[in-house]
Each structure stands twice: as structure tokens, then as C-alpha cells.
Amino acid sequence: VRLTVRESLVRRGVERQISQVSPVRDCILGTRLVGDAWLDGQVRATLRPSPDTIRMQIELSGSIVSKNIGYNGPVRLRTSGEGTVRAARVVELSESDVVFEPITASASMQTRIDRIEHRLNLVRKIARKRAAKQKPLAERIAHGRLISRLNEEFSGQTDQAVGAAVPDVIDRARAYLMRLDLDEPTRTLSSTEDAVFLNATIRKSSQLAAPVPAPPLPVVGEALVQIHESLVNNTIGSILAGRKMTRSELRSIVSKVKPDDEADSGEEAPDFEIDFARSRPIIFEAREGQLRIGVRGTRFAQGRRVIEKPLEIVAVYRPVEGESGDLRLQRDGDLTVNFPGTKRLSTMQA
């Protein structure tokens, strides 16, 4: 099985707009600052190549605006600032762990003193000169603290964005595999600049699997699944091979895989028995845009009618897209019933 998830779908799961107000409570060179800072930006994701993990870079970029009041003794300074911020972090995801690389952050901020408030003009002049003298050092201190806050904020944003994205790719299937006594598949995760890939091989030690990687898909889509024909034989085929099954037993197997499956509507069909062939009891072929699906058995019985001959029942389906865009399988032609190795049918077989 090969699952391909395009970068566009990954981006939609991680990317988000950020618009938030944060309180400013700081003290720089003896001046206590109280105010608010507004951050408007966006978190973006970019996939990176990795042979055995999902690797992507998460980046925050945006603009920041602040309005503060500084208190220094009896003097009050009303300040405002505008700037840009950027932070980036590379994360590697595997089934067992999430590894974050260090954050790289940068910011630029231009601040200005809009007004100095004091009842005496002389004090205002002295305060303005002192503020102008201390401004370069104050801006360096403020820049360092802005970078520190940006690192802390971006760390929380990436933890939130990636926390829900840690893949447990086998979680839902694990219960079904246990019910059907199937081995847990071996699997690998990888990524390129365009997509994320999951490759899984489902087989027992005595079974064969696809000998080559899945071919590239020309189909346009955001999430694509490729299944090799051997998957069906290694799972359903191994369950049914050589077994005698009735209609009710077959439905019981379906209910184990899908417990909420409801009974077929309409009148119940008569019960039947099938002795499935030991080799390839399920026929599943995907060729040239068609699915060929069927069963192979050595004995079929319904009521008093019994056929003890190798028998194949096969149907051909083709995918058809409905008006609403849903895709369904439509049978192409009648069922095909074959008696392998039999040249002439008896009346019972006919």
C-alpha cells in the first residue's frame, strides 16, 4: 500500500492565520513600560526531502505594532512602534517521535516617542534629551527581549500545529488486523518537496509482496492511495484459502472488520456454502482502468444443489464519477462463470 499526501493538503493542516494582542509589561533602563502589542501574521509549512521521516519547515512571518506608556519617576512617555518578525523551525516526524530543530528568529522594530508628559516644560526637555541619548541602548535591549518573546510564542505555535499531526498510521487498522489474525505491516514514512509518502507491506513470512515500488501517479489529487494486487491475496485470500464458509459466516467476517455494518435491506437470500480454493480464493486484478473481482471455489452448495467442481465467478467493474463528484464502481457486463479445465458443461453445471 502506498499513500501519497500532496504538500497542499499538508499545508492546509498546519498553516493558520495569527491575529493576537499581547500585554507589554517590561522595564528598560529604569523606565517601566505598560501597553499592548498587536501581531498579525501567518504560519506556513514547507516540506523538505527526507528518506525515512516526514521533514518540514514551519515559518511564522508577520507585522507587529505596539503602543506603550513608560513611567520614569514623575515623567510619562507615550511610545509607539512598528516592525516585522520572522521565525522558522524544522521538524521531523516519525511514528515514534517528533524532533524539533532550534528556532531561527529575526525581527526589526522602529520605535518613537510620541509625547513626553510632565507639568514642567524644563523637565520635559531634560527627559527628551535623556531619552534620545538612551534610545540606541534601549532599542537593543528591547530587540533582544522581542526575539526572546518571539521564540517562546513560536515554540507554542509549532507545538500546537504539529502536536495533532503526529502520524499513528496503523492505529485504526490495528484492531481490524488483530480480529483477522493478520500481521502488522512493515512501513516507512518519507517526504519530498512535493508530497509525504507512507509505504506499507502486508504479508506473512510465507507470502509474496510487490517486488517493485509503486509507479508514479499522473492523477491530480491531494491524497492518493495505491494498492498492489498482492495485498488482497495476502489478507482476505489467506483468511479464506481452503475454508468452507456459509453466507452467515462470511457476513460475520465482515462484521468483525466493520462492526457497525448493517444487514442488507430487502428479503434475505437463501443460505449457501462455498469451499474456497486453497490457491488464490479471491480474484482481484486492476488492469487498464478496470477491476476484475471474483471468487474461486472447489465446491458450491445451496439447498440440495451441489457442484463439486472447481468454479470461478468473476465480475468486471469500472469506476464511474457521479454528478456530485462521488466515485463508484459500476459492473461492466454480466457475471462470468468458468469451470477451469472443463471443456463441456453438464446440465447441472449449466
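The rules behind the values
Residues numbered from 1 in each chain as written. Predicted model: local features only at pLDDT ≥ 70, side-chain atom pairs only at ≥ 80, totals over all residues. Heavy atoms only, no water. Helix = DSSP H or I, 4+ residues; strand = E, 2+ residues; numbered from the N terminus. Rg over C-alpha atoms; globule rule 2.2 N^0.38 Å. Buried < 20%, exposed > 50% of the residue type's maximum accessible area, 1.4 Å probe, protein only. Contact = heavy atoms within 4.5 Å. Lys, Arg positive; Asp, Glu negative; His and termini not counted. Charge placed at Lys NZ, Arg CZ, Asp CG, Glu CD. Salt bridge = Lys/Arg side-chain N within 4 Å of Asp/Glu carboxyl O. Polar contact = N/O pair within 3.5 Å; in protein donor to acceptor, adjacent residues only side chain to side chain. Core = buried A, V, L, I, M, F, W, Y, C linked by side-chain atoms within 4.5 Å. Pairing = 2+ DSSP bridges. Patch = residues over 30% accessible without salt bridge, like charges linked within 9 Å, V, L, I, M, F, W, Y side chains within 5 Å. Areas by Shrake-Rupley, 256 points an atom, 1.4 Å probe, with all protein chains shown as cover. Phe/Tyr/Trp six-rings, centres within 6.5 Å; stacked < 30°, edge-to-face > 60°. Lys NZ or Arg CZ within 6 Å of the ring centre and 35° of its normal.

Caption draft 1: Representation of the overall build of the protein chain. In terms of helices and strands, the protein chain carries five helices and 18 strands. What you see for the protein chain is a C-alpha radius of gyration of 34 Å, clearly larger than the 20 Å of a compact globule of 350 residues, by over 25%. Over its C-alpha atoms, taken along the principal directions, the protein chain stretches across nearly 120 × 40 × 35 Å. By the burial criterion, 32% of the 350 residues in the protein chain qualify as buried. Relative to all contacts within the protein chain whose residues are 6 or more apart in sequence, the contacts with residues 24 or more apart total 60%. Of the charged side chains in the protein chain, 54 are positive and 46 negative; the average position of the first set lies 8 Å away from that of the second.

Caption draft 2: Looking closely at the environment of Leu329. Here Leu329 lies in strand 17 (residues 327–331). A residue is classified by how much of its surface remains accessible, and Leu329, at 46% relative accessible area, is partly exposed. When the C-alpha atoms of Leu329 and Val316 are compared, they prove to be 9.4 Å apart, with 13 residues separating the residues in sequence. For Leu329, the residues in contact, after removing those within four places along its chain, are Leu291, Tyr317, Arg318 and Pro319.

Caption draft 3: Main features of the pattern of salt bridges. Per the counting criterion, the structure on display carries 23 salt bridges. The partner of Glu184 in a salt bridge is Arg187, with the nearest N and O atoms 3.0 Å apart. Taking relative accessible area as the criterion, Glu184 reaches 41% and is therefore assigned partly exposed. Residue classification places Arg187 among the partly exposed positions, given a relative accessible area of 24%. Notably, a salt bridge pairs Arg296 with Glu312, separated by 3.1 Å at the nearest N-O pair. Residue Arg296 is located in strand 14 (residues 290–302), and its partner Glu312 is located in strand 16 (residues 311–321); the two are separated by 16 residues in the primary sequence. For Glu312, a relative accessible area of 15% puts it in the buried group.

Caption draft 4: Highlighting the side chain of Ser80. Its location among the elements puts Ser80 in strand 5 (residues 75–93). Here Asp114 takes part through its side chain, which lies 2.9 Å from a polar atom of the side chain of Ser80. In this structure, Ser80 is in contact with Ser66, Lys67, Gln110, Thr111, Arg112 and Asp114, ignoring residues within four places of it in sequence.

Caption draft 5: Representation of the nonpolar core within the structure. Judged by nonpolar contacts, the single largest core of 27 residues is most densely connected at Val10, Met56, Ile58, Leu60, Val85 and Val196. Elements supplying a minimum of two residues to this core: helix 1 (7–14), strand 2 (16–28), strand 3 (31–48), strand 4 (54–72), strand 5, helix 2 (121–163) and strand 9 (195–201). Of all hydrophobic cores here, the second largest spans 16 residues; its members include Leu177, Phe276, Ile282 and Phe300.

Caption draft 6: Up close: the pairing of strand 9. With five of seven residues buried, strand 9 is to be regarded as a mostly interior element. Bridge count for strand 1 (residues 2–6) against strand 9 is five bridges, and the pairing is antiparallel. Paired with Arg6 across the strands is Ala195, a residue of strand 9. Sheet topology note: the strand 8 (residues 186–191)/strand 9 ladder contains six bridges and is antiparallel. If you follow Thr188 over to strand 9, its bridge partner there is Asn199. With antiparallel pairing between neighbouring strands as the criterion, strand 8 and strand 9 make up a hairpin whose turn holds three residues.

Caption draft 7: Up close: a nonpolar patch on the surface. On the surface, a nonpolar cluster with roughly 250 Å² of combined accessible area is contributed by Val1, Val225 and Ile227. Tracing the backbone shows Ile227 in the loop between strand 10 (223–226) and helix 4 (229–240). Here Ile227 falls in the partly exposed class, since its relative accessible area comes to 49%.

Caption draft 8: Region of interest: the packing of aromatic side chains. A complete count under the given rule lists zero aromatic pairs for this structure. Positioned above the aromatic ring of Phe100 is the side chain of Arg89, whose terminal nitrogen or guanidinium carbon lies 4.0 Å from the ring centre.

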